[in-house]
Amino acid sequence: MSIITLTTDFGTKDYSVAAVKGRILNDLPSANIIDVSHEITPHHIVETAFVLNAAYTNFPKNSIHIIGVEAEQTTEHKHLVVQIDGHYFIGADNGIFSLLKKEINIENLIEIKHPKSIDSSFPVLDVFVDVAIEIAKGTPLENIGNPIASIKTWIKNKPDISGLNELIGHIIYVDRYGNLITDITKEFFKEFANNRRFTLTASSAKIKTIYPKYDALVDYSQPISQRQKAGKALALFNSLDLIEIAIYKSNPDKGGSATSLLGLGVGDSVKVSFEV
Amino acid sequence: MSIITLTTDFGTKDYSVAAVKGRILNDLPSANIIDVSHEITPHHIVETAFVLNAAYTNFPKNSIHIIGVEAEQTTEHKHLVVQIDGHYFIGADNGIFSLLKKEINIENLIEIKHPKSIDSSFPVLDVFVDVAIEIAKGTPLENIGNPIASIKTWIKNKPDISGLNELIGHIIYVDRYGNLITDITKEFFKEFANNRRFTLTASSAKIKTIYPKYDALVDYSQPISQRQKAGKALALFNSLDLIEIAIYKSNPDKGGSATSLLGLGVGDSVKVSFEV
Amino acid sequence: MSIITLTTDFGTKDYSVAAVKGRILNDLPSANIIDVSHEITPHHIVETAFVLNAAYTNFPKNSIHIIGVEAEQTTEHKHLVVQIDGHYFIGADNGIFSLLKKEINIENLIEIKHPKSIDSSFPVLDVFVDVAIEIAKGTPLENIGNPIASIKTWIKNKPDISGLNELIGHIIYVDRYGNLITDITKEFFKEFANNRRFTLTASSAKIKTIYPKYDALVDYSQPISQRQKAGKALALFNSLDLIEIAIYKSNPDKGGSATSLLGLGVGDSVKVSFEV
């Protein structure tokens, strides 16, 4: 039973997602189709990469991942199948493939040959489904298209180093709770910090500890009624091993979240100053 | 493995969709349940028909489609199973069935006999699941209810013709990107146009070409920094072979989409004037 | 094929839900994963209980229900598996388990022993998936953790009785249509009413009948154009056998729903006065 995942900016109201699923099941009744996200900000390649990267590594090898963001073939963006880390990704060469791994270790890079690539305004349905079915059925990639040498590359976000004592990180994603995920990895931070004390500045918040969990600031020795309520920002190494600025029990629908309280969003910076 | 699809206005927060899925799996563990949409505008039959029509033809024959919009049985809206084009549709006779095909070619029309039809406030759960299971198990439709002769019909949107040189189309759906889908089919347009030049007027936009793809206005001979950005409306024959007014790379969450920039929405008209 | 359901406040945009599904399928390819809801109001235990309670009873026995709301293990909230009514629930002991049944009839109560419970900021992925897989594979619960004697209890909403002639009910949920679901069960109401006449007061609405269906106020003897349109509140025993204050064909996106027109929401009261 082949797993085919879908990562798109189609939303879930329109007919598009169901059309794609129906077509897959029409051709491969045993397919196990899993939604990664259909709520990608329209046309947002970097966000697509963040979400898909964080999700796909949990799936079994040989999973097939269809990318329905900026999927139209243009003269600059060809339709590709890229095999990375034992997984198959199908999409347009709009930069997304270069963002899918910390270090790109591409096993196969194939330009899809499909009669509808040129003219389709809905290539996920008209082209990618066919390609996914072929891969699921075991068709060799060389029968799906021609090997090519390189992909369009985008420069990834990574922290800037200003001297030996300062890092500038960037907010790369704001999650459902309004928490701010940065591009500073745990590994990189630990090595750079080398056990020095530090101050992480995120807007008005000055943070001196990075915790493993969201409840780190709760003082359980106090009775519940006396405990500090939600509202104080903390930093943690999150489940992706990235530094995240979070507020415990925040609810962005009700106002009080890291993004709203600190006034920070995607593209904004945080600074980490280390003791000399 | 039977495919059962769900098209509802239930939303995805409440318990309703999961209750229905649980009940189906309780009775038919092998069912493959696919969401078409749960974000239909509450009680909106025409929107339901548009979304389901655009999706269902992609599914294999013998798929069973449950329609959870205006599903309560009333004295005027009986519960029906309708077989169209090798697919089964289960819903209340609120007009939806008449909107499901360009030309209605109904193979079977059955009024459901179910003890809970009369009193249930949640007939998708109490009635339609049972009927879907029966169909999936191969029960003949005549054992599910009685054949009837006709359904409640709604007049479909179609373009108005004013003389030999003018068409008035209607916007029937605004999609996730804010693009405007009209009721002018490619086939009808080509025949009416008969290769004449034309001007399509959609609010302030005057359009003289209908393209096959969204990126048609991008001039790839220019360097990226010099290319015209998003913002200019174009028309295309979309993947449903309907004329669509779109803006390349529009994001309605950020303001600039066809619906917001042109000030047009469902029910508004566009005019196509042809050269004499 | 084991059924594993997910009830979370993760939303559907982020990578979290897909990460969990991928991990489940990696370890148990035959799992049938069903979304109950991912739109729970962040951190809202009572809402989680309402939605999950209303959904889970429809699923077959032996279904495994993962609860991804307030799931971090804290010194006060241990990770548990609770077997209720033939179903398995996996979550943190934050009060949720005490809200899952009218009368708690717990068959098994196990504190999970898992090396990642202590430190994980994403225990649904790091802990609950492993536990769900073990249960699905038939591992006895005593091998998953240690039996414990009690769970953290929350007091459930139930109507207040003021004398023999008055009930005060509470609104416990506002659904997709803006309808108001109260904590007054049909069984309790019938017994208390004992066939007496009554007036249910919900803000400005005075209601004297509780119907079985939403269309109860429509007068089908009138031509459609003359019928009273949406706008008048009615009460019904809904599909959960709870009193619900509803407006026929309401659409909260367009303004006119029970919650907006009556100005009532979760936590507000309704009063039922009975004739002496």
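Everything discussed here concerns the structure shown above.
Residues numbered from 1 in each chain as written. Chains lettered and ligands numbered in written order. Predicted model: local features only at pLDDT ≥ 70, side-chain atom pairs only at ≥ 80, totals over all residues. Heavy atoms only, no water.

The interface is formed by 34 residues belonging to chain C together with 37 residues belonging to chain A. Of the roughly 2900 Å² buried between chain C and chain A on both sides combined, carbon and sulfur atoms contribute 51%. Considering only the surface of chain C that becomes buried against chain A, C:Lys13, C:Asp14 and C:Tyr15 emerge as the three largest contributors, covering 23% of it. Across the salt bridge formed by A:Lys249 and C:Glu70, the nearest N and O atoms sit 3.0 Å from each other. Looking at the side of chain C that touches chain A element by element, the count peaks at seven residues for helix α1 (residues 16–27) of chain C. Here the residues of the side of chain C that touches chain A are counted per class, giving 11 nonpolar, 13 polar and 10 charged. (Contact = heavy atoms within 4.5 Å. Buried area = accessible area lost by both parts, 1.4 Å probe. Salt bridge = Lys/Arg side-chain N within 4 Å of Asp/Glu carboxyl O. Helix = DSSP H or I, 4+ residues; strand = E, 2+ residues; numbered from the N terminus. Nonpolar A, V, L, I, M, F, W, Y, C, P; charged D, E, K, R; others polar.)

Turning next to the pairing of strand β4 (residues 79–84) of chain A. Residues and elements named next belong to chain A. Within β4, six of the six residues are buried, which leaves it mostly tucked inside the rest of the structure. Along β4, one buried face is formed by His79, Val81 and Gln83 and the opposite face, lined by Leu80, Val82 and Ile84, is buried too. Two elements, β4 and strand β5 (residues 87–92), share six bridges in a ladder whose sense is antiparallel. Looking across to β5, one finds that Leu80 is bridged to Gly91. Between the end of β4 and the start of β5, which pair antiparallel, lie two residues, with Asp85 showing a positive phi angle near 60 degrees. As paired elements, β4 and strand β6 (residues 106–112) share five bridges and run antiparallel to each other. Each residue of the ladder has a partner; that of Leu80, found in β6, is Glu111. (Buried < 20%, exposed > 50% of the residue type's maximum accessible area, 1.4 Å probe, protein only. Pairing = 2+ DSSP bridges.)

All names here are of chain A. Taken in spatial order, the seven strands line up as β2-β1-β3-β5-β4-β6-β7 in an open sheet, and their pairing is mixed. Looking at which strands have only one partner, the edges of the open sheet turn out to be β2 (32–37) and β7 (145–147). Pairs of neighbouring strands in the sheet enclose a mean axial angle of 25 degrees, with direction left out of account. Note: strand β1 (residues 3–8) against β2, five bridges, orientation parallel. Bridging across to β2, Ile4 finds its partner in Ile33. Sitting on the sheet, helix α1 (residues 16–27) is in contact with β1 and β2, with an inclination near 155 degrees to β2. The strands touched by helix α3 (residues 123–136) are β1, β3 (64–68), β4, β5 and β6; relative to β3, the strand with the most contacts, the crossing angle is about 170 degrees. (Axes fitted to C-alpha atoms, helices over the stretch in contact; angles between N-to-C directions.)

By themselves these figures say nothing about function.
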